[in-house]
Amino acid sequence: QKEVEQNSGPLSVPEGAIASLNCTYSDRGSQSFFWYRQYSGKSPELIMSIYSNGDKEDGRFTAQLNKASQYVSLLIRDSQPSDSATYLCAADYGNNRLAFGKGNQVVVIP
Amino acid sequence: EAGVAQSPRYKIIEKRQSVAFWCNPISGHATLYWYQQILGQGPKLLIQFQNNGVVDDSQLPKDRFSAERLKGVDSTLKIQPAKLEDSAVYLCASSFGQPEAFFGQGTRLTVV
């Protein structure tokens, strides 16, 4: 299975600030990238998908993709306590299969 | 549209016992996945079905794990015999011909 790395430790951000999450992937052939949000004790929920280099914005979320650097990021603007969760980065490696990173925990402090 | 259904939600068994999990994917989704998520880690793909055929089972411990999707809809995942290290959340997901996968609520398995 291909590797997706999310190496940052838990991220604490004040309410209203920007949370920034990063991940790198090993398979240069990956074409599709996803961010899932997982609340404690719940299943992953798809929040963003990105396929092309550049930025994709959806509400308070912006995903950024740089295929040359094999790097994907997620920005959460105006962070809310409800954004407190673990964020999983995923990349496809063919045949509609996804490899997931271990996740980054985000804690938004009111 | 109904989501991915899984049962049971929780299961506690003793090591060396057997256990089975059931999954019903989103209607019309031909692709079904079983993932294992150990605490503090991301989901790991165990097996992927396309209709009732296996696409990838390279990470399925076949000496103890088995899965089937006989009619191309529902699926079951079985562990026999269970080991302590099988304690995890087993997630079923489905997709409609694309990588975006939608997850069920999962089954939390504790092996004691």
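Up top is the structure these notes are about.
Everything numeric in this text was worked out from a predicted model, so none of it was measured. (Residues numbered from 1 in each chain as written. Chains lettered and ligands numbered in written order. Predicted model: local features only at pLDDT ≥ 70, side-chain atom pairs only at ≥ 80, totals over all residues. Heavy atoms only, no water.)

Colleague: So what exactly am I meant to see when it comes to the overall build of chain A here?
Modeller: From N to C terminus, chain A includes 0 helices and 11 strands. Start at the N end of chain A and walk to the C end: the helices and strands fall as β-β-β-β-β-β-β-β-β-β-β. Relative to the globule expectation of 13 Å for 110 residues, the C-alpha radius of gyration of chain A, 13 Å, shows essentially globular dimensions. Burial analysis of chain A (110 residues in total) assigns 45% to the buried set. Considering only residue pairs separated by 6 or more positions, chain A has 53% of its internal contacts joining residues 24 or more positions apart. Accessible surface, chain A: about 5100 Å² in total, of which carbon and sulfur atoms supply 45%. (Helix = DSSP H or I, 4+ residues; strand = E, 2+ residues; numbered from the N terminus. Rg over C-alpha atoms; globule rule 2.2 N^0.38 Å. Buried < 20%, exposed > 50% of the residue type's maximum accessible area, 1.4 Å probe, protein only. Contact = heavy atoms within 4.5 Å. Areas by Shrake-Rupley, 256 points an atom, 1.4 Å probe, with all protein chains shown as cover.)

Colleague: Please explain the interface of chain A and chain B as it appears in this structure.
Modeller: Accessible area lost during the coming together of the parts is what is often quoted as the interface size. Across the boundary between the two partners, chain A contributes 21 residues, which contact 24 residues of chain B. The tally of links from chain A across to chain B stands at 1 salt bridge. The shortest N-O distance in the salt bridge between Asp56(B) and Arg97(A) comes to 2.7 Å. Viewed at the interface, chain B and chain A are joined by 7 residue pairs in polar contact (both at pLDDT 80 or more). It is strand β4 (residues 33–38) of chain A that provides the largest number of residues to the side of chain A that touches chain B, a total of 3 residues. Split by residue class, the side of chain A that touches chain B holds 9 nonpolar, 9 polar and 3 charged. (Salt bridge = Lys/Arg side-chain N within 4 Å of Asp/Glu carboxyl O. Polar contact = N/O pair within 3.5 Å; in protein donor to acceptor, adjacent residues only side chain to side chain. Nonpolar A, V, L, I, M, F, W, Y, C, P; charged D, E, K, R; others polar.)

Colleague: Looking at this structure, I do not really get the nonpolar core. What am I missing?
Modeller: Note that soluble globular proteins tend to have their nonpolar side chains buried in a common cluster. Counting residues in each nonpolar core, the largest one holds 39 residues, and the members touching the most others are Trp35(A), Tyr36(A), Val72(A), Leu74(A), Tyr87(A), Phe100(A) and Tyr35(B). Broken down by element, this core gets its largest block of residues, 6 residues, from strand β9 (residues 85–92) of chain A. Contact partners of Tyr35(B), with chain neighbours within four places excluded, come to Leu98(A), Phe100(A), Pro43(B), Lys44(B), Leu45(B), Leu46(B), Val89(B), Tyr90(B), Leu91(B), Ala93(B) and Phe103(B). Cys23(B), Leu77(B), Ile79(B) and Cys92(B) belong to the second-largest nonpolar core, a separate cluster that totals 21 residues. (Core = buried A, V, L, I, M, F, W, Y, C linked by side-chain atoms within 4.5 Å.)

Colleague: Is there a simple way to think about the packing of aromatic side chains in this case?
Modeller: When we look at a pair of aromatic rings, we describe it by the centre distance and by the angle of the planes. The tally for this structure, following the rule as stated, stands at 10 aromatic pairs over all chains. A centroid spacing of 6.0 Å and a plane angle of 70° characterise the contact between Phe100(A) and Phe103(B), whose relative ring orientation is edge-to-face. Of the two residues, Phe100(A) sits in strand β10 (residues 98–100) while Phe103(B) sits in strand β10 (residues 102–103), which places them in two different chains. Accessibility assignment for this pair places Phe100(A) and Phe103(B) in one class, buried. The structure contains a cluster of three or more aromatic residues connected by ring pairs, namely Tyr36(A), Phe100(A), Tyr33(B), Tyr35(B) and Phe103(B). Over the ring of Phe61(A) we find Arg60(A), and its NZ or CZ is 5.7 Å from the ring centre. (Phe/Tyr/Trp six-rings, centres within 6.5 Å; stacked < 30°, edge-to-face > 60°. Lys NZ or Arg CZ within 6 Å of the ring centre and 35° of its normal.)

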